[in-house]
Amino acid sequence: MYPNQLPLEFLESKNAEYVDMLPALNEIDLLVSGGYKLKNAFRHFLPQRPGEDNEVYETRLKKHTYLNILSTNINEQVSKLANAPMTIEGLNNNPKFWQSFREDTDLSGRSEKNLITLIFRELLKFKKIYVHVDKNKSDVIPTNKLQEEALGLRPYVVTYSPLQVTNWSESKGKLNWLKIRQILEDNSNPIATSRKVCTWTIIDSNYIAKYSAFVELDGKGNIIKVNTEVINADTTISLLAPPIKHGFDAVPVLKIELPDQLWVADQAASKAVEHLRTDCSKYDLLTMAYFQRTFKRVQTPDSDFEHSYTNDEPIPTGLAHVIELEKFEWSEPHGYMIQHMADSLLAIESQVRDLVASGGVSSSNAALSQSGVSKQMDFVKQEAMLKSYGEIIIDAYQDLLQLVAQAQGLDGREISVTGLNSFENDTLDSVLMRIDSVSKINLENLKANLPPSALKVVYEQMVSMLTGNLSASQKDIANKEIDILLSSIKTLDTSIV
């Protein structure tokens, strides 16, 4: 069991991997979020230039805007996968419960499709996400399933970002325990100032324990006060409520993680930062119209002839890299430099699209004039990556549904999730061409030149590529029908008479 109080030092301890990854995850979070969240953190991406006056630097920060290319391309990927068909079987033992769960996975109206979308977006951003199956509590202990349903007690899904999971232990890919740190704003009292509440949730194979306190944070998010008291080595945090025995006999949290090569935000973040800084420099150039290149000091006669007068004050131009000469001059930016920067921005946008594997999405005149087959070829890379993502997500979602079934006291061994492998990249022209090609295949020749087992494999692959997404039961029916069809085909007589 957990003690009534734990030292703050223990609760704030962090996994070494978390410490290493936190700066990168925070930067990716800002780049994908964009908007005012990023604007408030411009100093991180646009540092002050050497010799740049503070007032000039502040002006440069205020006038800058940001084109969120990383989020746009991630959203395109998410939209493609979210609209792909997904089939779930094995939910017949309690259809009313499963319908309720799939329509509202978090007891706040989040649908199954929105949950899949959230999981995929977080994976693209942060490489991993933690999904927790929990069950709400009641002051009344139900004695049977009917009472439990009447009280509205059913499993629901909570997701945790890698920014929130600060410490954990795992073996053989399974979590032994994990600790979640969450900062929330307490506005419960309408006549009092809001306060920040920090909650640490520890989940192990038997219990869920929560520790909580009112806190004050510094600019970096570190706790400096607990319950209005300055922290020290003896600061402790109280248990929020008695630990809850969750009854799973294992940690009811799934860690869904992408392999390194599929973590697109990690690969594209540096290019997004390059785009931001290049765009800022281009904006500076366009808004200045003219910029000062040289400066001539005004010489004041010195009345003291015995001592030479020198003026060590900085050049009062407000601009960096201004040369002091015998003349005063303004210059207009050259057009070729602006065009070069514009071309660089377009090139970076294209690189980010390619890294996120949405290179087939284009609005150029050349893309609009492409044939259906040519456009289909553009989507080959994107579709291959989407299928890889789909395989990871359906495997994880099947495990999640089985965990939900266990929480509800149902048998989840028959639950099967398939799909997320057909992404509407086909045009009508390409579909018709494929159907026409299939209709011209001489099955009698194939049967005469291929072993029976090889013929069946080839035919199944052909049907699968033509029809796209099929559920497990549909595939089983199709395979049986293929057996009947192939057995009815007469083999050509190829013997020599």
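This one's a predicted model, so the numbers in the text were calculated from it and none came from an experiment.

A.B. asks: Can you tell me about the overall build of the chain, naming the residues and giving the values?
C.D. replies: Regarding its fold elements, the chain presents 18 helices and 17 strands. Contacts in the chain between residues at least 24 apart in sequence constitute 72% of all its contacts with a sequence separation of at least 6. For the chain, the exposed surface amounts to about 29,000 Å²; the carbon and sulfur share of it is 54%.

A.B. asks: Let's hear about the nonpolar core: which residues, and what values?
C.D. replies: With 70 residues, the main nonpolar core has Leu70, Trp98, Tyr389 and Tyr397 as its most contacted residues. Among the elements that make up this core, the one with the highest residue count is helix H14 (residues 380–408) (13 residues). Trp98 has contacts with Leu91, Asn93, Leu401, Val404, Ala405, Leu410 and Ile415, leaving out every residue within four places of it along the chain. Formed by 14 residues, the second largest nonpolar core is a distinct cluster that contains Leu8, Cys198, Trp200 and Ala209.

A.B. asks: Run through the sheet that holds strand E4 (residues 155–160), naming residues and quoting values.
C.D. replies: Judged by pairing direction, the sheet is antiparallel, and its three strands sit side by side in the order E4-E3-E13 without closing on themselves. Strands at the two margins of the open sheet, each flanked by one partner only, are E4 and strand E13 (253–257). Looking at each pair of strands side by side, their axes are set apart by 25° on average, direction ignored. For strand E3 (residues 128–135) and E4, the ladder comprises six bridges, and the chain directions are antiparallel. Looking at the pairing, Asp134 lines up with Tyr156 of E4. Packed on one face of the sheet, helix H8 (residues 112–126) meets E3, E4 and E13 and runs near 145° to E3.

A.B. asks: Mind laying out the packing of H8 against H14, listing which residues take part and the relevant values?
C.D. replies: Two elements in contact, H8 and H14, have axes whose closest approach is 11 Å; the angle formed by their N-to-C orientations is 125°. Of the possible angle classes, the one that applies to H8 and H14 is oblique. When you trace H8 past H14, the crossing you get is right-handed. Mapping the contact onto sequence places Glu112, Leu115, Ile116, Phe120, Leu123 and Leu124 in H8 and Leu386, Tyr389, Ile393, Tyr397 and Leu400 in H14. Here the contact of H8 with H14 is composed, by residue class, of ten nonpolar, no polar and one charged.

A.B. asks: So what about the packing of aromatic side chains? Which residues, and what values?
C.D. replies: This model, assessed by the stated rule, comprises four aromatic pairs. Considering the side-chain rings of Phe97 and Phe101, the 6.3 Å spacing of their centres and the 25° angle between planes classify their relative orientation as stacked. With Phe97 and Phe101 both in helix H7 (residues 95–103) and four residues apart, this pair spans about one turn of that helix. Judged by its relative accessible area of 0%, Phe101 falls in the buried class. Taken together, Phe97, Trp98 and Phe101 form an aromatic cluster joined through their ring pairs. Stacked on the ring of Phe10, the Lys or Arg Lys179 has its end atom at 5.4 Å from the ring centre.

A.B. asks: Let's hear about H7: which residues, and what values?
C.D. replies: Because each turn of an α-helix spans 3.6 residues, side chains separated by three or four positions in sequence point in the same direction. Within H7 the residues assigned to the buried category are Phe97, Trp98 and Phe101. Seen along its axis, H7 keeps its buried residues to an arc of 95°; they face one direction. H7 presents Pro95, Lys96 and Glu103 as exposed residues on the side facing more than 90 degrees away from its buried surface. Looking at the buried residues of H7, the elements they touch are E4 and H14.

A.B. asks: Quick one: what's the story with H8, residue by residue and with numbers?
C.D. replies: For H8, built from 15 residues, the straight-helix expectation of 21 Å at 1.5 Å per residue is met to within 8% by its first-to-last C-alpha distance of 21 Å. The buried count for H8 comes to eleven of 15 residues, which makes it a mostly enclosed element. Directly beyond the C-terminal end of H8, a positive phi value near 80° is found at Lys127.

A.B. asks: Can you tell me about the pattern of salt bridges, naming the residues and giving the values?
C.D. replies: Under the defined criterion, the tally for this structure stands at 20 salt bridges. One salt bridge in this structure joins Arg413 and Asp411, with 3.0 Å as the shortest N-O distance. Between Asp483 and Lys456 there is a salt bridge, with the nearest N and O atoms lying 3.2 Å from each other. With a gap of 27 residues between them, Asp483 in helix H18 (residues 472–488) and Lys456 in helix H17 (residues 452–467) connect regions that are remote in the sequence. Classification of Asp483 by relative accessible area gives partly exposed; the value is 36%.

Analysis parameters
- Residues numbered from 1 in each chain as written.
- Predicted model: local features only at pLDDT ≥ 70, side-chain atom pairs only at ≥ 80, totals over all residues.
- Heavy atoms only, no water.
- Helix = DSSP H or I, 4+ residues; strand = E, 2+ residues; numbered from the N terminus.
- Contact = heavy atoms within 4.5 Å.
- Areas by Shrake-Rupley, 256 points an atom, 1.4 Å probe, with all protein chains shown as cover.
- Core = buried A, V, L, I, M, F, W, Y, C linked by side-chain atoms within 4.5 Å.
- Buried < 20%, exposed > 50% of the residue type's maximum accessible area, 1.4 Å probe, protein only.
- Pairing = 2+ DSSP bridges.
- Axes fitted to C-alpha atoms, helices over the stretch in contact; angles between N-to-C directions.
- Parallel < 35°, antiparallel > 145°, perpendicular 65-115°, else oblique.
- Left-handed = near helix turned anticlockwise from the far one by under 90°.
- Nonpolar A, V, L, I, M, F, W, Y, C, P; charged D, E, K, R; others polar.
- Phe/Tyr/Trp six-rings, centres within 6.5 Å; stacked < 30°, edge-to-face > 60°.
- Lys NZ or Arg CZ within 6 Å of the ring centre and 35° of its normal.
- Arc of directions from axis to C-beta.
- Expected span 1.5 Å × (residues − 1).
- Salt bridge = Lys/Arg side-chain N within 4 Å of Asp/Glu carboxyl O.

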